[in-house]
Amino acid sequence: MDQPTSGAEPADAADGGAEALDRPLPEGVRRRVIALVADAFGGLTVAELPAQLRQYARFTPTRRAKFAGNAMAAALESEPLFRQRIGERLSQAQPELAGALEAGSPPAAADPVDVAAAAYVLRPVGWVKLVEAAGDEVQRADAERVGEETRRELVQLREELERARAHTRSETERLRAELDAARKESESLHRKLRSAQSEVKRGEAALRRSTAEAEAQRAEAAAQLSAAESESRRLKHRLGEAEAAVEAGRRASREGRSMEDMRLRLLLDTVLDAASGLRRELALPPVTARPADSVDAVEPGRMSPKDIAARALSDTDPALLDQLLALPQAHLIVDGYNVTKTGYPQMPLEKQRLRLLGGLSVLAAQTGAEMTCVFDGAELAAPVLLAPPRGVRVLFSKAGVTADELIRQLARAEPPGRPVVVVSTDREVADGVAKAGARPVASVLLLKRLSRV
């Protein structure tokens with residue numbers, strides 16, 4: 001560690017220490033002093049630094065000046081040894097300025113702020129005067145700068161004032177021109193208003209004349225209407241007289257015709273009485289039968305779908321279904337899922353429906369019978385997008401209604417005597433449709449028949 005020279009510390013204590021500033025350090029000098037200390041800071045070891053400044057030892061000079069400026073200024077004022085070490089670093093960095101200050105003749109061309117900052121650190125004899133002179137110089141320079149800025153601002157304000165006055169003059173002239181134009185337009189509008197008022201007065205006079213003419217025409221029309229009503233009453237009276245005359249002529253004509261009508265009626269009564277006497281004399285019984293009734297044949301309705309079962313066919317014989325569908329106007333109602341889950345339950349519902357409807361379509365084309373296939377709508381998660389095959393009516397039960405109930409409704413909707421065949425293995429469905437007059441058959445019967453399609 002560098003030790004101070006033997007003569008430096010007594011001089012500081014005897015001369016520099018006796019001097020003191022009677023006013024705050026000028027701000028410009030203070031900033032320059034902090035910059036000098038921050039630059040010389042790095043040349044000292046941690047042990048040579050005051051305790052309060054050791055935490056800033058690793059900072060760059062810029063960060064030291066920013067974050068430790070107040071601490072360095074306080075240490076420089078209160079720690080003579082720290083100030084002496086900083087002065088030594090400054091003397092090494094700027095030997096000419098330090099030598100001139102020690103000699104008491106600072107360079108005339110040097111910046112007063114640099115001279116004051118160096119004097120504040122080195123504390124030569126008369127350093128207070130140098131700092132105060134630098135402060136006065138800074139204040140003078142600031143005053144000159146402020147005065148110059150004030151003069152520039154004043155010139156700028158004068159220029160702006162001139163521009164504002166010129167703008168005001170141009171705006172005044174423009175407003176005067178607009179005012180003159182507005183006055184001329186107002187005079188024109190007044191003239192148009194007076195002309196319009198004259199037109200209104202003329203129109204009101206014409207309206208009064210038209211009203212008077214309309215009143216006269218209305219009175220004339222009322223007189224003509226009264227005359228027309230009188231003429232109408234006269235014509236109605238004459239029309240009544242003419243109608244009375246016509247009715248009298250018609251009455252006379254009818255009275256002339258009544259004699260001929262009486263003779264014709266008398267002749268007709270004579271013929272009818274003769275025919276009635278002939279019927280009594282022959283004593284023929286009433287006719288209730290017709291010749292065609294004597295021909296032996298099977299009449300429609302004498303054979304029902306229930307009679308087909310008496311023909312020695314098994315209930316699972318597909319020929320039984322063919323006989324039933326061969327009946328006139330036969331209607332086949334199929335319990336869809338009952339059939340598909342009996343024949344191919346392992347398939348998805350969509351493919352079950354498509355397979356059954358395809359077979360029914362072919363069967364409908366072969367037999368010509370009406371066919372309706374009913375599915376339970378309760379199992380549907382969404383509406384079914386399905387194009388019904390030709391000849392087959394496809395129905396889904398509504399919410400709250402089962403397919404079994406829909407099938408019974410279809411059976412009851414048919415007129416009595418029509419052949420209706422219901423395909424379902426469900427015993428409840430079979431009993432219900434049988435009460436409605438339909439012929440129930442098992443699902444296996446239809447599956448066997450469709451296997452031949």
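Cut-off values and rules
- Residues numbered from 1 in each chain as written.
- Predicted model: local features only at pLDDT ≥ 70, side-chain atom pairs only at ≥ 80, totals over all residues.
- Heavy atoms only, no water.
- Helix = DSSP H or I, 4+ residues; strand = E, 2+ residues; numbered from the N terminus.
- Buried < 20%, exposed > 50% of the residue type's maximum accessible area, 1.4 Å probe, protein only.
- Areas by Shrake-Rupley, 256 points an atom, 1.4 Å probe, with all protein chains shown as cover.
- Phe/Tyr/Trp six-rings, centres within 6.5 Å; stacked < 30°, edge-to-face > 60°.
- Lys NZ or Arg CZ within 6 Å of the ring centre and 35° of its normal.
- Axes fitted to C-alpha atoms, helices over the stretch in contact; angles between N-to-C directions.
- Parallel < 35°, antiparallel > 145°, perpendicular 65-115°, else oblique.
- Contact = heavy atoms within 4.5 Å.
- Nonpolar A, V, L, I, M, F, W, Y, C, P; charged D, E, K, R; others polar.
- pLDDT = per-residue confidence, 0-100.
- Patch = residues over 30% accessible without salt bridge, like charges linked within 9 Å, V, L, I, M, F, W, Y side chains within 5 Å.
- Salt bridge = Lys/Arg side-chain N within 4 Å of Asp/Glu carboxyl O.
- Lys, Arg positive; Asp, Glu negative; His and termini not counted.
- Charge placed at Lys NZ, Arg CZ, Asp CG, Glu CD.
- 1 Å grid on protein atoms, 1.4 Å probe; cavity = no way out; pocket = protein on both sides within 12 Å on 5 of 7 lines; lining within 4 Å.
- Points joined across faces, edges and corners; volume = space filled by probe spheres on them.
- Core = buried A, V, L, I, M, F, W, Y, C linked by side-chain atoms within 4.5 Å.
- Pairing = 2+ DSSP bridges.
- Left-handed = near helix turned anticlockwise from the far one by under 90°.
- Polar contact = N/O pair within 3.5 Å; in protein donor to acceptor, adjacent residues only side chain to side chain.

Participant: I tried to follow the overall build of the protein on my own but got confused; where do I start?
Facilitator: What the protein contains, in helices and strands, is 14 helices and five strands. Expressed as a percentage of the 453 residues in the protein, the buried residues total 27%. Accessible area of the protein: about 30100 Å², with a carbon and sulfur share of 56%.

Participant: Looking at this model, I keep getting lost on the packing of aromatic side chains. Mind explaining?
Facilitator: Aromatic ring pairs are defined here through the distance separating the ring centres and the angle between the ring planes. Under the defined criterion, the tally for this structure stands at two aromatic pairs. Among the aromatic residues, ring-to-ring pairing joins Tyr337, Phe375 and Phe396 into one connected group. Taking the ring centre of phenylalanine 59 as reference, the NZ or CZ of arginine 63 above it sits at 4.4 Å.

Participant: Is there a simple way to think about the packing of helix H10 (residues 336-343) against helix H11 (residues 349-367) in this case?
Facilitator: Helix-helix packing: each pair is described by the crossing angle between the helix axes and the interaxial distance. One can describe the packing of H10 onto H11 by two numbers: an axis separation of 10 Å at closest approach and a directional angle of 100°. One finds that H10 runs roughly perpendicular with respect to H11. Contacts between H10 and H11 involve Gly336, Tyr337, Val339, Thr340 and Lys341 from the former and Leu349, Gln352, Arg353 and Leu356 from the latter. Along the lines of polarity and charge, the residues of the contact of H10 with H11 split into four nonpolar, three polar and two charged.

Participant: I'm lost on the confidence of the model for the protein in this one. Help?
Facilitator: Do not read the predicted coordinates in detail wherever pLDDT is low. Per-chain confidence: the protein averages 79 in pLDDT, with 79% of residues scoring 70 or above. pLDDT under 50 marks residues 1-17. Its contacts with residues more than four places away, or in other chains, come to 23 contacts. In this model residues 294-303 is a low-confidence stretch, pLDDT under 50, and it forms three contacts with partners more than four residues away in sequence or in other chains.

Participant: Which parts of the structure should I look at to understand a negative patch on the surface?
Facilitator: Taken together, the side chains of Glu149, Glu153, Glu159 and Glu160 make up a negatively charged region of the molecular surface. Within the secondary structure, glutamate 149 sits in helix H8 (residues 127-282). Looking at glutamate 149, the relative accessible area reads 38%, which means it is partly exposed.

Participant: Explain the layout of surface pockets here, please?
Facilitator: Any empty space left between the atoms is revealed when a probe the size of a water molecule rolls over them. The space that makes up the second largest pocket amounts to roughly 200 Å³. Around the second largest pocket, the lining residues are Asp315, Ser424, Thr425, Asp426, Arg427, Ala430, Arg439, Pro440, Val441 and Ala442. Of all the secondary-structure elements, those providing two or more residues to the lining of the second largest pocket are helix H13 (427-435) and strand E5 (439-441). Its residues placed into classes, the lining of the second largest pocket shows four nonpolar, two polar and four charged.

Participant: Would you mind going over the nonpolar core with me for this structure?
Facilitator: Within soluble globular proteins, side chains that are nonpolar tend to cluster in buried spots. In terms of nonpolar packing, the biggest core is built from 35 residues, with Val33, Met72, Leu76, Phe82 and Ile86 touching the most fellow members. Put simply, the parts of the chain that give this core at least two residues each are helix H2 (27-41), helix H4 (69-78), helix H5 (80-93), helix H6 (95-103), helix H7 (112-122) and H8. By residue number, the principal contributor to this core is H7, which donates nine residues. The contacts of leucine 76, once residues within four sequence positions are left out, are Val33, Val37, Phe82, Arg83, Ile86, Tyr120 and Val121. With 28 residues, the next largest nonpolar core counts Leu321, Leu325, Leu360 and Leu446 among its residues.

Participant: So what exactly am I meant to see when it comes to the pattern of salt bridges here?
Facilitator: Pairing is possible between side chains that carry opposite charge, provided their charged atoms lie close to one another. Under the counting rule described, the total for this entry stands at 17 salt bridges. With a shortest N-O distance of 2.8 Å, glutamate 414 and arginine 418 are connected by a salt bridge. Comparing glutamate 414 with arginine 418, the two get one shared label, buried.

Participant: Explain the environment of valine 444 here, please?
Facilitator: Here valine 444 lies in helix H14 (residues 443-451). Given the relative accessible area of 31%, valine 444 is considered partly exposed.

Participant: Looking at this model, I keep getting lost on the sheet that holds strand E1 (residues 331-335). Mind explaining?
Facilitator: The strands that make up a sheet are held in pairs by hydrogen bonds between backbone atoms, and each pair lies either parallel or antiparallel. Across the sheet, five strands lie side by side as E3-E2-E1-E4-E5; this open sheet has parallel pairing. Of all strands in the sheet, those with a lone pairing partner are strand E3 (392-396) and E5, marking the two edges. When strand polarity is set aside, the average angle formed by the axes of neighbouring strands in this sheet is 20°. Relative to E3, strand E2 (residues 370-375) runs parallel, the two being bridged by five bridges. Paired with threonine 372 across the two strands is arginine 393, which belongs to E3. Across the sheet, helix H9 (residues 318-325) touches E1, E2, strand E4 (420-423) and E5, and the angle it forms with E5 is around 155°.

Participant: Explain the environment of aspartate 426 here, please?
Facilitator: Here aspartate 426 is to be found in the loop between E4 and H13. You can call aspartate 426 partly exposed: its relative accessible area is 24%. Residues aspartate 426 and valine 441, 15 residues apart in the sequence, show an inter-C-alpha distance of 10.0 Å. Discounting residues that sit within four places of it in the chain, aspartate 426 has contacts with Asn338 and Asp404.

Participant: Please clarify how the packing of H2 against H7 should be interpreted in this entry.
Facilitator: In the contact formed by H2 and H7, the axes pass within 9 Å of each other and the chain directions differ by 60°. Here H2 is positioned oblique relative to H7, judged by the angle of their axes. Note that H2 runs across H7; the crossing there is right-handed. Here Gly28, Val29, Arg32, Val33 and Leu36 of H2 come into contact with H7, specifically with Val113, Asp114, Ala116, Ala117, Ala118, Tyr120 and Val121.

Participant: Honestly, the side chain of arginine 418 in this entry has me stumped. Any pointers?
Facilitator: Examined against the element boundaries, arginine 418 turns out to sit in the loop between helix H12 (403-413) and E4. Since its relative accessible area comes to 19%, arginine 418 is described here as buried. Polar side-chain contacts of arginine 418 include one of 2.8 Å to the side chain of glutamate 414. When neighbours within four sequence positions are excluded, arginine 418 is seen to be in contact with Gln329, Ala330, His331 and Glu370.

Participant: What exactly am I supposed to notice about H7 here?
Facilitator: Counting along an α-helix, one turn takes 3.6 residues, and residues three or four places apart therefore face a common direction. Here H7 lies mainly inside the structure; nine of its 11 residues are buried. Of all the residues in H7, the buried ones are Val113, Val115, Ala116, Ala117, Ala118, Ala119, Tyr120, Val121 and Leu122. One or two positions beyond H7, positive phi appears at arginine 123, with a value near 55°.

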